[in-house]
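For reference, the chains in residue letters:
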Amino acid sequence: MPTVSRSFDLRIVKYLAGRRRGFQPPRLDDLIDQLWTNATTIGERHWPPVADLEEGMSCLYVNSVKRRRRSPNISDGRIVEVVSYIYGNRPEQITPNFREVSSTIDTPALTDANGNRREIVHSYRIGVIGHSLVVESVKGAGGSAGLAVALTQLFRQWAEPELPTIQLVDVMSQNLRRQIDAGGGVDRIVARLIHESADQSKVGSYLMSQLKENVRGAGVLVASIESVNGPLNADDAIRFWEECQDDNALDSVTLHLKDGQKVDRIGRFRERRRFDIQVTRASRVAVNEIEEAIWNYLDELRNPDESGWRIIDDDGRPVHGVEVLGDGHG
């Protein structure tokens, strides 16, 4: 079967409590449980409120919540399916007639066979454990900023009325070797060479001199080293990459990992995984594979390796990771 690549980002929940004394941040999975118990319909789990909807509004609702149970008495995380859409969005449409010189493009309303209004939606899943969540990245779904706003409002309505505003924060791993191993190894190294430098490397200087003789206005050369039989040697790639950080002849060096991630800054590697997900015969992504990928990623983040190193603890708090303010995308 064909596959599609899906990205999953680790985020930490932060509360803008200000100077509120004694505030104890609640677990996100507890808030999700309260929301699901108290808001029993899609309309109740919808933001903005259904009564306030206007054409063009960005909307989001919680569609389902699943638990994974490892024993009869211990629950271990949640997977929440989220649906987002633009209310009243009408995509451009045509009636194909390939004999015409040009087609007429219009934006009629979408309806079902009974004339009921339909909406174009984007569904995605988030894995929740304690104070962490893993978010499936889907284009057009509205980004993490919209998710944070909606969750804040829904939790205030159905769980904690005085809850501070939620922010979803990126986590940066501090272990390059672990990041490379998790990403399937180094697939390609790309270096941008600068020709005007007081301390040029011999390779950079030679290549730039050849380029300048043949290409007018050339100032930067991009060199790429790619793997042929399996990943590049990780130790050599790391050593080369670290040495290049101090080379004034280089503008940048980037390690491209097998799973599509890029490493281009020392000490800050955004916690993200990519997985290939099968597409079913009905041309839909295999949701069960997405859910399994989320569970596996949460386990990877929490389970210590032989040295005791892990990104988050069992409560979803960063251990060997650095929190940074999210960009609101992804």
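Read on for an overview of the structure. Residue numbers here run from 1 along each chain, matching the order of that chain's written sequence. Per-residue local features of the predicted model are confined to residues with pLDDT of at least 70, and side-chain atom pairs are confined, for both listing and counting, to 80 or more; whole-chain, interface and lining totals are unaffected and use all residues. Calculation of side-chain values draws on the structure's entire complement of heavy atoms; hydrogens and water are dropped beforehand.

Counting its regular elements, the protein chain contains six helices and 14 strands. We call a residue buried when its accessible area falls under 20% of the maximum for its residue type, exposed when it is over 50%, and partly exposed in between, using a 1.4 Å probe and counting protein chains only. Buried positions account for 40% of the 330 residues belonging to the protein chain. For this analysis, residues touch if any pair of their heavy atoms sits within 4.5 Å. Taking as baseline every contact in the protein chain between residues at least 6 positions apart, the subset at least 24 positions apart corresponds to 68%. Method for areas: the Shrake-Rupley scheme with a 1.4 Å probe, in which residue coverage is limited to the protein chains shown. About 18,700 Å² of surface is accessible on the protein chain, with carbon and sulfur atoms providing 46% of the total. Numbering of helices and strands starts at the N terminus; helices are DSSP runs of H or I of at least 4 residues and strands are runs of E of at least 2.

Turning next to the packing of helix α1 (residues 28–38) against helix α2 (residues 143–158). Lines fitted to the C-alpha atoms define the axes, with helices restricted to the stretch that makes contact. Angles between their N-to-C directions range from 0 to 180 degrees. Packing of α1 against α2 brings their axes to within 9 Å, and their N-to-C directions diverge by 60 degrees. The chirality of how α1 crosses α2 is left-handed. In this structure, α1 uses Leu28, Leu31, Ile32, Gln34, Leu35 and Asn38 to contact α2, whose residues at the interface are Leu154, Phe155 and Trp158. Any residue that is not Ala, Val, Leu, Ile, Met, Phe, Trp, Tyr, Cys, Pro, Asp, Glu, Lys or Arg is counted as polar, Gly included; the first ten are nonpolar and the last four charged. Split by residue class, the contact of α1 with α2 holds seven nonpolar, two polar and no charged. The sense of a crossing depends on the near helix, which, turned anticlockwise from the far helix by less than a right angle, makes the crossing left-handed and, turned clockwise, makes it right-handed.

Within this document, salt bridges are pairs made up of a side-chain nitrogen of Lys or Arg and a carboxyl oxygen of Asp or Glu, the two lying within 4 Å of each other. Scanning all chains against the criterion turns up 18 salt bridges. Salt-bridge contacts for aspartate 9 lead to arginine 272; the nearest nitrogen and oxygen are separated by 2.5 Å. Here aspartate 9, found in strand β1 (residues 3–16), pairs with arginine 272, found in strand β13 (residues 272–278); they are 263 residues apart in sequence, far enough to count as distant. The burial state of aspartate 9 is the same as that of arginine 272; both residues are buried.

Next up on the list: the nonpolar core. Here, nonpolar core refers to any group of buried Ala, Val, Leu, Ile, Met, Phe, Trp, Tyr and Cys residues whose side-chain atoms link them within 4.5 Å. Membership of the largest hydrophobic core comes to 29 residues, with the highest contact counts inside it found for Val80, Tyr124, Ile126, Leu133, Leu147, Phe155 and Ile166. Elements that contribute at least two residues to this core include exactly β1, α1, β3 (58–71), β4 (74–86), β5 (121–129), β6 (132–137), α2 and β7 (165–173). The element that contributes the greatest number of residues to this core is α2, accounting for six residues. Tyrosine 124 has contacts with Leu60, Val80, Glu81, Val82, Ser84, Val135, Glu136, Val138, Ala141 and Leu147, leaving out every residue within four places of it along the chain. Counting 19 residues, the second largest nonpolar core, distinct from the first, contains Trp295, Tyr297, Leu301 and Ile311.

Aromatic pairing here means that ring centres of Phe, Tyr or Trp (its six-membered ring) are within 6.5 Å. Orientation follows from the plane angle: under 30 degrees is stacked, over 60 is edge-to-face, and everything else is tilted. For the structure shown, the criterion picks out three aromatic pairs. Relative to phenylalanine 23, the ring of tyrosine 15 has its centre 5.6 Å away and its plane inclined at 70 degrees; by these criteria the two rings are edge-to-face. For phenylalanine 23, a relative accessible area of 22% puts it in the partly exposed group. Think of it as a cone above the ring: NZ of Lys or CZ of Arg counts as a charge over the ring if it is within 6 Å of the ring centre and within 35 degrees of the ring normal. When the ring centre of tyrosine 87 is taken as origin, the NZ or CZ atom of arginine 117, which lies over that ring, is 4.1 Å away.

The subject of this paragraph is the environment of valine 169. One can find valine 169 in strand β7. Residue valine 169 is classed as buried on the basis of its relative accessible area of 5%. Through-space distance from the C-alpha of valine 169 to that of valine 13 is 6.3 Å; in sequence the pair is 156 residues apart.

By volume, the second largest pocket amounts to about 250 Å³. Lining residues are those with an atom within 4 Å of a point, where the points come from a 1 Å grid over the protein atoms alone and group into cavities, where a 1.4 Å probe fits but cannot get out, or pockets, open sets with protein on both sides within 12 Å along at least five of seven lines. Forming the walls of the second largest pocket are 18 residues, and the residues nearest its centre are Ser58, Cys59, Ser84, Tyr85 and Ala141. For the lining of the second largest pocket, the secondary-structure elements that each account for two or more residues are β3, β4 and α2. Considering each element in turn, the lining of the second largest pocket owes the most residues, five residues, to α2. Grid points are joined across faces, edges and corners, and a volume is the space filled by probe spheres set on the points.

What follows concerns the side chain of histidine 46. Structurally, histidine 46 can be placed in strand β2 (residues 46–47). The class of histidine 46 is buried, set by a relative accessible area of 4%. Under the rule applied, a polar contact is a pair of N or O atoms within 3.5 Å (in protein, one hydrogen donor and one hydrogen acceptor; residues adjacent in sequence only if both atoms are side-chain atoms). There is a polar contact of 2.7 Å between the side chain of histidine 46 and the side chain of tyrosine 85.

On to the environment of arginine 125, then. The topology assignment puts arginine 125 in strand β5. Note on arginine 125: relative accessible area 3%, which makes it buried. As a C-alpha pair, arginine 125 and isoleucine 79 span 46 residues in sequence and 6.5 Å in three-dimensional space. Not counting the four nearest positions on each side in its chain, arginine 125 is found in contact with Ile79, Val80, Glu81, Val134, Val135, Glu136, Val287, Ile290, Glu291 and Ile294. Within the structure, arginine 125 has its side chain in polar contact with the side chain of glutamate 81 (distance 2.9 Å).

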